[in-house]
Amino acid sequence: MAVNKRTFTFTILGLLVWALISSLVAAYYYNAYNDLFQKAHKSIIYINLGINYGNSTVQWFNYTEARGGDTLLDATITMAEVNYTTSSFGALINSINNVNNTSPNAWIWWMHSQFGWSEGPVACDKYVLGDNETLYWYYEDTSKWPYPTPP
Amino acid sequence: MPPRKTQQIAVFSVLVAVCLAIQILPRPLGVEFTSFLTFSTGIIFGSFLGASFGVAVMIINGFLSPWGLAGINLPFQMLGMGIIGAGGGLYKMTNGSNVRFFGETAVMGAFLTLIYYMITNMGFAINLMLFTQFSPLDAIIISQISGAFVTLMYIISNTILFGFGVVPLVSAIRKLYGGEK
């Protein structure tokens, strides 16, 4: 049966999209699985957590114990009084130790690596902690972009 | 009856306004209407105006979006949306059967959305290169992989939207004033 050239072209285009996106999603899940496995295979981990209230007051919880698989929100709740709301995007922190989000100031979380500080890539309840990680809550002015990095 | 050119400008302006309004309104994650309207505009007005439509909407959105300034991603968003608009113009309507046409627009939606997100992920790659010490190749691979899930969500929603929405929208607007000859 002869296949119409136009139909053939669009079928190939559709298969190309399918192949590319399948490969990318497979790589994404492979990466996510490896990352999660590295972080959660220990039952007890230790983290450093800083809380900067935006008025030069910084509280540090160094070498603090957390359970493997805990999220940043879990760890923060054990160290401070946290008020948050959840949505499809994840948890939004409303206040930490009674310091409330007041526009334009808001609680933003940061992580430290060999490259310096980088803004948290996901909501705090989606981020699974890794051993020896240093994380930071910064109450800061969010009207400027990019947000100011922790001092 | 107003002159044809005036009708075209009016319809084009309404489409830009509708697109910007929808862009600013809250919507579910993984669903957007800009590429659908840009592609349809490309079919109706031709490649040049389709691309201009996409670029213009992304420039305005880059500054007015409730998500904040687009920053370094803006030129990539403009390029990506411009390609979608131009793609609409290149595709154009044919006299094939409706079933094939619906299938074709769905495939075009998936393909152009993939292209758009691969281009805009390059903006993220540049961020990675600027703010970390990743090599350009590593930054490109990481940005494409980390954006894969979001890309998939938009491909699915745009495949449905293009498949079911483009034909009725283009037909309705063409009935209104005729479109590009």
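Below: a short report on this structure. What you are looking at is a predicted structure, and each value in this text was computed from that prediction instead of being measured.

Focus: the pairing of strand β3 (residues 82-87) of chain A
All names here are of chain A.
Thought 1: One ladder, built from 6 bridges, connects β3 with strand β4 (residues 90-96); its direction is antiparallel. Looking at β4, one finds that T85 is bridged to L92.
Thought 2: Between β3 and β4, which pair antiparallel one after the other, the connecting turn spans 2 residues.

Some words on the interface of chain B and chain A
By convention, interface size is frequently given as the accessible area that disappears when the constituent parts associate.
Thought 1: Taken together, the contacts link 25 residues of chain B with 19 residues of chain A.
Thought 2: Taken together, the two surfaces of chain B and chain A that pack against each other cover about 2,100 Å², and 81% of this comes from carbon and sulfur.
Thought 3: Between the two partners, chain B and chain A, sit 1 salt bridge.
Thought 4: Close ionic contact of B:E104 with A:R6 constitutes a salt bridge, the shortest N to O distance being 2.8 Å.
Thought 5: Our count for the chain B to chain A interface comes out at 1 residue pair in polar contact (both at pLDDT 80 or more).

A word on the sheet that holds β4(A)
Strand pairing in a sheet takes place through backbone hydrogen bonds and is either antiparallel or parallel in direction.
All names here are of chain A.
Thought 1: Pairing is antiparallel in the open sheet, where 3 strands are placed in the order β3-β4-β5. The outermost strands of the open sheet, each flanked by one partner alone, are β3 and β5 (99-100).
Thought 2: Sheet analysis places β4 next to β5, joined by 2 bridges and oriented antiparallel. Each residue of the ladder has a partner; that of I96, found in β5, is V99.

A few points about the nonpolar core
Thought 1: Of all hydrophobic cores here, the largest spans 34 residues; its most connected members are B:F39 and B:F53.
Thought 2: Elements represented by at least two residues in this core include exactly α1 (5-40) of chain A together with α1 (4-24), α2 (34-45), α3 (47-64), α4 (74-91), α5 (98-131) and α7 (148-177) of chain B.
Thought 3: Discounting chain neighbours no more than four positions away, the residues touching B:F39 are B:I84, B:G87, B:G88, B:Y91, B:T105, B:M108, B:L112, B:F162 and B:V166.
Thought 4: By size, the runner-up hydrophobic cluster in this structure holds 25 residues, among which are A:I47, A:V82, A:A91 and A:I96.

Points about the pairing of strand β6 (residues 105-113) of chain A
Residues and elements named next belong to chain A.
Thought 1: Judged from the 8 bridges that link them, β6 and strand β8 (residues 134-141) form a sheet pairing that is antiparallel. Residue pairing for β8: W109 is matched across the bridge by W137.
Thought 2: Note: β6 against strand β7 (residues 116-119), 4 bridges, orientation antiparallel. Its bridge partner lying in β7, S113 is registered against G116.
Thought 3: Linking two consecutive strands that pair antiparallel, namely β6 and β7, is a turn of 2 residues.

Considering the environment of A:G68
Residues and elements named next belong to chain A.
Thought 1: Positionally, G68 belongs in the loop between β2 (58-67) and α2 (72-79).
Thought 2: G68 sits in the partly exposed class, given a relative accessible area of 27%.
Thought 3: Placed 29 residues apart in sequence, G68 and K39 show a C-alpha to C-alpha distance of 6.8 Å.
Thought 4: Excluding anything up to four places from it in sequence, G68 contacts K42, S43, I44 and I45.

So, the pattern of salt bridges
Thought 1: The full count for this structure, using the stated rule, is 5 salt bridges over all chains.
Thought 2: Members of the salt-bridge network, linked through shared partners, are A:D35, A:K39 and A:E133.

Observations concerning the environment of A:V82
Residue and element names in this part refer to chain A.
Thought 1: Within the secondary structure layout, V82 lies in strand β3.
Thought 2: A relative accessible area of 18% means that V82 is categorised as buried.
Thought 3: Residues V82 and N100, spaced 18 residues apart in sequence, show a C-alpha to C-alpha distance of 9.8 Å.
Thought 4: The residues touching V82, leaving out its near neighbours within four places in the chain, are L73, T76, I77, I93 and S95.

Some words on the sheet that holds β6(A)
Residue and element names in this part refer to chain A.
Thought 1: With respect to topology, 5 strands assemble into an open sheet ordered β2-β1-β8-β6-β7, the strand pairing being mixed. Two strands bound the open sheet, and with one partner strand each, they are β2 and β7. Averaged over all pairs of adjacent strands, the angle between strand axes in this sheet comes to 30 degrees, irrespective of strand direction.
Thought 2: Examined bridge by bridge, strand β1 (residues 44-52) and β8 share 5 bridges and lie parallel to one another. By the bridge assignment for β8, N52 is matched with Y138.
Thought 3: Seen against the sheet, α2 touches β1, β2, β6 and β8 and runs at an angle of roughly 70 degrees to β1.

About the criteria used
- Residues numbered from 1 in each chain as written.
- Chains lettered and ligands numbered in written order.
- Predicted model: local features only at pLDDT ≥ 70, side-chain atom pairs only at ≥ 80, totals over all residues.
- Heavy atoms only, no water.
- Pairing = 2+ DSSP bridges.
- Helix = DSSP H or I, 4+ residues; strand = E, 2+ residues; numbered from the N terminus.
- Contact = heavy atoms within 4.5 Å.
- Buried area = accessible area lost by both parts, 1.4 Å probe.
- Salt bridge = Lys/Arg side-chain N within 4 Å of Asp/Glu carboxyl O.
- Polar contact = N/O pair within 3.5 Å; in protein donor to acceptor, adjacent residues only side chain to side chain.
- Core = buried A, V, L, I, M, F, W, Y, C linked by side-chain atoms within 4.5 Å.
- Buried < 20%, exposed > 50% of the residue type's maximum accessible area, 1.4 Å probe, protein only.
- Axes fitted to C-alpha atoms, helices over the stretch in contact; angles between N-to-C directions.

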